[in-house]
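# Coordinate inspection notes
Letter by letter, the chains look like this.
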Amino acid sequence: MAAATAGRLLRLGGAGSEGRWLRLCGAGLSPTFLQPFSAGAGCGEAIQRRQVSHFTFKPDPECQEYGQTQKMNLFQSITSALDNSLAKDPTAGKDRVFNTPLCEQGIVGFGIGIAVTGATAIAEIQFADYIFPAFDQIVNEAAKYRYRSGDLFNCGSLTIRSPWGCVGHGALYHSQSPEAFFAHCPGIKVVVPRSPFQAKGLLLSCIEDKNPCIFFEPKILYRAAVEQVPVESYYIPLSQAEVIQEGSDITLVAWGTQVHVIREVASMAQEKLGVSCEVIDLRTIIPWDVDTVCKVGLCPVMEFRAGGDQPGLVPFCSCAGPRIDLLTFMTFMATMYFFYVLLLLRFSLYYIQYKILSHGFCFSPILLKLSPIFLRFLAGTLLLLLFLKFYQDYEIV
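Here goes a summary of the coordinates provided.

Parameters and conventions
Residues numbered from 1 in each chain as written. Predicted model: local features only at pLDDT ≥ 70, side-chain atom pairs only at ≥ 80, totals over all residues. Heavy atoms only, no water. Phe/Tyr/Trp six-rings, centres within 6.5 Å; stacked < 30°, edge-to-face > 60°. Helix = DSSP H or I, 4+ residues; strand = E, 2+ residues; numbered from the N terminus. Buried < 20%, exposed > 50% of the residue type's maximum accessible area, 1.4 Å probe, protein only. Expected span 1.5 Å × (residues − 1). Pairing = 2+ DSSP bridges. Axes fitted to C-alpha atoms, helices over the stretch in contact; angles between N-to-C directions. Parallel < 35°, antiparallel > 145°, perpendicular 65-115°, else oblique. Left-handed = near helix turned anticlockwise from the far one by under 90°. Contact = heavy atoms within 4.5 Å. Nonpolar A, V, L, I, M, F, W, Y, C, P; charged D, E, K, R; others polar. 1 Å grid on protein atoms, 1.4 Å probe; cavity = no way out; pocket = protein on both sides within 12 Å on 5 of 7 lines; lining within 4 Å. Points joined across faces, edges and corners; volume = space filled by probe spheres on them.

## Looking at the packing of aromatic side chains
Scanning the entire structure with this criterion turns up eight aromatic pairs. With centroids separated by 6.0 Å and ring planes inclined at 75 degrees, the aromatic side chains of F98 and F110 adopt a geometry described as edge-to-face. On the criterion of sequence distance, the pair formed by F98 in the loop between α3 (74–88) and α4 (104–116) and F110 in helix α4 is long-range, its members being 12 residues apart. For F110, a relative accessible area of 49% translates into the label partly exposed. Consider the rings of F135 and F182, whose centres lie 5.3 Å apart with planes at 40 degrees: the pair is tilted. Of the two residues, F135 is situated in helix α5 (residues 135–142) and F182 in helix α7 (residues 179–182); the sequence distance between them amounts to 47 residues. Since its relative accessible area comes to 28%, F135 is described here as partly exposed. Through pairs of rings, three or more aromatic residues link up here, namely Y66, F197 and Y234.

Written out as structure tokens, the structure is:
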């Protein structure tokens, strides 16, 4: 069937059927995989140009704090972390390192079972694009195991590794960045490193952490990123972002490969626009470091889109959703409070007017006309004070 399909494609191309050929190749589709509407535009006119983010990997200064170092690329540092972890794990052994059938749901489910017994489980999904069959096991089982058992049981010793992101030629099933799907799920931690040094320290922290963790590995950096990495074990705390460049005008937040992209963007903004950019490597997507990130009002976030090749600025909803939800809730409550105060004052004034008139006293018509204006002014002042208090408490401004 595949050969027959290829034959049809070749015949279409040889026959000069350019429109049909382009449609079969998917040309003209937007990065959201939806066909854009353009009146009168042919299929050939809608061809998208390929956009690839340029970056140059800059190794971090060599760290002497953890003893002897060795030059490693990213996949060697991950292997070193696994070697260190297995060497000191009393439950580890050759019979516990094995290949599994290509069934992502089974791989994660088996890892959950091992972790529930108290052993260390490190499951690997090759590649992150194929993690979706295991989505139910991760979100409904691993993330909720401790909650649903009232902390009688848990699978906190489970770590799920997976190559992540694009390499420029991986096509649909080897280019995706699915961390946003898990960033809204309580009960798990999601980590993406930017370098070999970061990868080893963060992976060891994930293995030691008492919560199930997903560790995404930027595969474009497997061989492209090389730096000095300590040979022995060391740990980089989870949920702590790192400020890798100070700035005062705007905060740029990224993780994984895109950290190196925005470092170049920050340099360009400083040189061409005079804009001082603070660059933050988020490192842990969930739970994310609110205190480090939320210091500057404007905070664009850079990540790879699902298509892999076309990075862009996206809303911070993938990890700032709970904070945005809190802001929305507080705004709603403040609005309700405004109307409550307005109605309360108005009914109070009506009651006072009734009492005065019932006793035969004269009430000025001018006061009756000005009372709604006074009430609105008073309620608006209370609302403004409430918002200022909220902004101060949550460091929005």
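## Regarding helix α10 (residues 258–272)
It helps to recall that an α-helix has 3.6 residues per turn; residues three or four apart then point in one direction. Spanning 15 residues, α10 covers 21 Å between terminal C-alpha atoms, matching the ideal 21 Å at 1.5 Å per step. Every buried residue of α10 is listed here: Q258, V259, H260, V261, I262, A266 and A269. Just past α10, the residue G274 takes up positive phi, approximately 70 degrees.

## Quick word on the pairing of strand β2 (residues 121–124)
Burial along β2 is one-sided: the residues A121 and A123 are buried and none of I122 and E124 is. Note: β2 against strand β3 (residues 158–164), four bridges, orientation parallel. Paired with E124 across the bridge in β3 is R161.

## Quick notes on the packing of α3 against helix α8 (residues 196–208)
In contact at an axis separation of 8 Å, α3 and α8 are set at 30 degrees when each is read in the N-to-C sense. The orientation of α3 relative to α8 falls into the category roughly parallel. Note that α3 runs across α8; the crossing there is right-handed. From α3, L74, S77, I78, S80, A81, L82, N84, S85 and K88 reach across to α8, where they touch P196, A199, K200, L203, L204, I207 and E208. Residues belonging to the contact of α3 with α8 are distributed by class as follows: nine nonpolar, four polar and three charged.

## Quick notes on the layout of surface pockets
Its boundaries defined by the atoms lining it, the largest pocket holds a volume of some 770 Å³. Every residue lining the largest pocket is counted, 24 residues in all, and those nearest its centre are V97, F98, I122, A123 and E124. At the level of elements, α3, α4 and β2 are the ones that each hand at least two residues to the lining of the largest pocket. A class-by-class count of the residues in the lining of the largest pocket yields 12 nonpolar, six polar and six charged.

## What to know about the sheet that holds strand β4 (residues 189–191)
Note on sheets: strands pair through backbone hydrogen bonds, and any given pair is parallel or antiparallel. Pairing in this open sheet of five strands is mixed, and the strands run β2-β3-β5-β4-β10 from one edge to the other. Of all the strands in the sheet, the pair left with one neighbour each is β2 and β10 (284–286). Ignoring which end each strand starts from, the neighbouring axes of this sheet average 25 degrees apart. As paired strands, β4 and β10 are joined by two bridges and run antiparallel to one another. Across the sheet, residue V190 finds its bridge partner in β10, namely I286. Helix-sheet contacts for α3 involve β2, β3 and β5 (213–218), and the interaxial angle to β5 is about 150 degrees. On top of the sheet, α8 reaches β2, β3, β4 and β5; it is set at about 165 degrees to β5, its chief contact.

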